[in-house]
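Coordinates in review
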Amino acid sequence: MAEILAVGEAMERALALLEGGDVVAIPTETVYGLAADATNGVAVARIFEAKGRPRFNPLIAHVADLAMAGRIADFDPLSAKLAETFWPGPLTLVLQQRAENGIHPLVTAGLDTIALRMPRGFGGELIARLGRPLAAPSANSSGRISATTAEAVAADLGERIRLVVDGGATPVGLESTIVKIEDGKLWLLRPGGIAAREIEAVAGVKMMRGAAGIQAPGMLASHYAPGAAMRLNVGKIASGEALLAFGRDRAEGWQDAVAVRNLSEAGDLREAATNLFAYMQALDRSGAATIAVEPIPQDGLGEAINDRLARAAAPRDKIASAP
Ligand code: TXA
Ligand code: MG
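These notes cover the structure that comes with them.

Reading the values: rules and limits
Residues numbered from 1 in each chain as written. Chains lettered and ligands numbered in written order. Predicted model: local features only at pLDDT ≥ 70, side-chain atom pairs only at ≥ 80, totals over all residues. Heavy atoms only, no water. Core = buried A, V, L, I, M, F, W, Y, C linked by side-chain atoms within 4.5 Å. Buried < 20%, exposed > 50% of the residue type's maximum accessible area, 1.4 Å probe, protein only. 1 Å grid on protein atoms, 1.4 Å probe; cavity = no way out; pocket = protein on both sides within 12 Å on 5 of 7 lines; lining within 4 Å. Points joined across faces, edges and corners; volume = space filled by probe spheres on them. Helix = DSSP H or I, 4+ residues; strand = E, 2+ residues; numbered from the N terminus. Axes fitted to C-alpha atoms, helices over the stretch in contact; angles between N-to-C directions. Parallel < 35°, antiparallel > 145°, perpendicular 65-115°, else oblique. Left-handed = near helix turned anticlockwise from the far one by under 90°. Contact = heavy atoms within 4.5 Å. Nonpolar A, V, L, I, M, F, W, Y, C, P; charged D, E, K, R; others polar. Salt bridge = Lys/Arg side-chain N within 4 Å of Asp/Glu carboxyl O.

1. Thoughts on the nonpolar core
Core analysis: the largest hydrophobic core is formed by 70 residues, its most contacted members being Leu82, Leu116 and Ile161. Judged by nonpolar contacts, the second largest core, of 28 residues, contains Leu269, Ala272, Phe277 and Ala304.

2. Looking at the layout of surface pockets
Of the voids in this model, the second largest pocket is the one considered here, and its volume is about 300 Å³. Forming the boundary of the second largest pocket are 14 residues, of which Arg144, Ala152, Ala155, Asp156 and Gln281 lie nearest the centre. Sorting the residues of the lining of the second largest pocket by element identifies α7 (150-157) and α9 (269-285) as the ones contributing at least two each.

3. Let's talk about the packing of helix α1 (residues 7-19) against helix α6 (residues 122-130)
In the contact formed by α1 and α6, the axes pass within 10 Å of each other and the chain directions differ by 45 degrees. Put simply, α1 runs oblique to α6. In this structure, the crossing between α1 and α6 has a hand that is right-handed. Where α1 approaches α6, its residues Val7, Ala10, Met11, Glu12, Ala14, Leu15, Leu18 and Glu19 are matched on the opposing element by Phe122, Glu125, Leu126, Arg129 and Leu130. Residue classes in the contact of α1 with α6 are distributed as 9 nonpolar, no polar and 4 charged.

4. Quick notes on the pattern of salt bridges
Tallied over the full model, the rule gives 16 salt bridges. Note that Lys180 is salt-bridged to Glu182, the shortest N-O span being 3.3 Å.

5. Focus on the packing of α9 against helix α10 (residues 302-313)
Their axes nearest at 9 Å, the elements α9 and α10 cross at an angle of 20 degrees. Between α9 and α10, the angle falls in the class roughly parallel. Considering only the axes of α9 and α10, their crossing is left-handed. Note on element contacts: α10 touches α9 through Gly302, Ile305, Arg308, Leu309 and Ala312, opposite Leu269, Ala272, Ala273, Leu276, Phe277 and Met280. The residue inventory of the contact of α9 with α10, partitioned by class, reads 9 nonpolar, 1 polar and 1 charged.

Next comes the structure, spelled out in structure tokens:
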């Protein structure tokens, strides 16, 4: 079973494991990541193995600072502006890789582009100490809900990894927003922890959506799935369902729900994002066959929340069956 160490006491142990080509689960401001040295192919392969990912999808490389990022990828002026504004933070930029950047091709699944992000807190310090970028997908089994606490990581991956660094509940609670600038256009590849309109405000241009042909596991129709079925935009609870609520107004029949969690009583989408994965897990554990979800507004972080809910509700036949 994985050892769980608090951030204050985990640095040396985490460094030793990463130097030795092993994986370590670390807190970031978005969700927990399963990290490995991005320049070490064997270490990166261990990430896929531990997650049970069905195929080699490209991972995000996490950097400590702009200098490290600049050695890995070429920044167009708009990407540079977004990095300077939002890093460290929940923004991932897809950029052209530089030649001989040391990144193992398994990280990028052989693409000539790379997804880069600078995380806040422990992750950033760890990368600076290691002196090399860390590849890190969310620290959960493939297709399952992303972990926002060390306990959730240990419950899911604890048998397969040696260390979980405990930084408490992750403040954002949703994965990073992924954007790509192509031919001067700004594409939203994955809504996430920074609302699209915040990025648009800095960029001065509108975001394009629905990019064709860009494959991302977060873009598989069924992803982030709990064991229970999900029913969205529910106005009335059916018998035996658990309820994922939002705001002050309850769906009809809510008193009969097997279990209830409210993402945000106050209707605050930021608070809802923080609670989303943990509450989905809690309702899943209630044993209900179906989790009914009240409507969530689509503005701000609501876009990312609804994206994750839609994937969690999608038919499961496309993913490996749940453990
Ligand atoms: O907040 C986050 O982003 C978390 C934390 C741990 O940093 N990480 C995360 O990683 O969500 P992961 O592997 O679960 O999702 C990475 C996403 C995938 O959808 C992947 O396909 C996409 O980034 N991606 C990676 N490289 C890409 C590329 N070159 N072009 C387009 N998409 C890419
Ligand atoms: Mg993930």
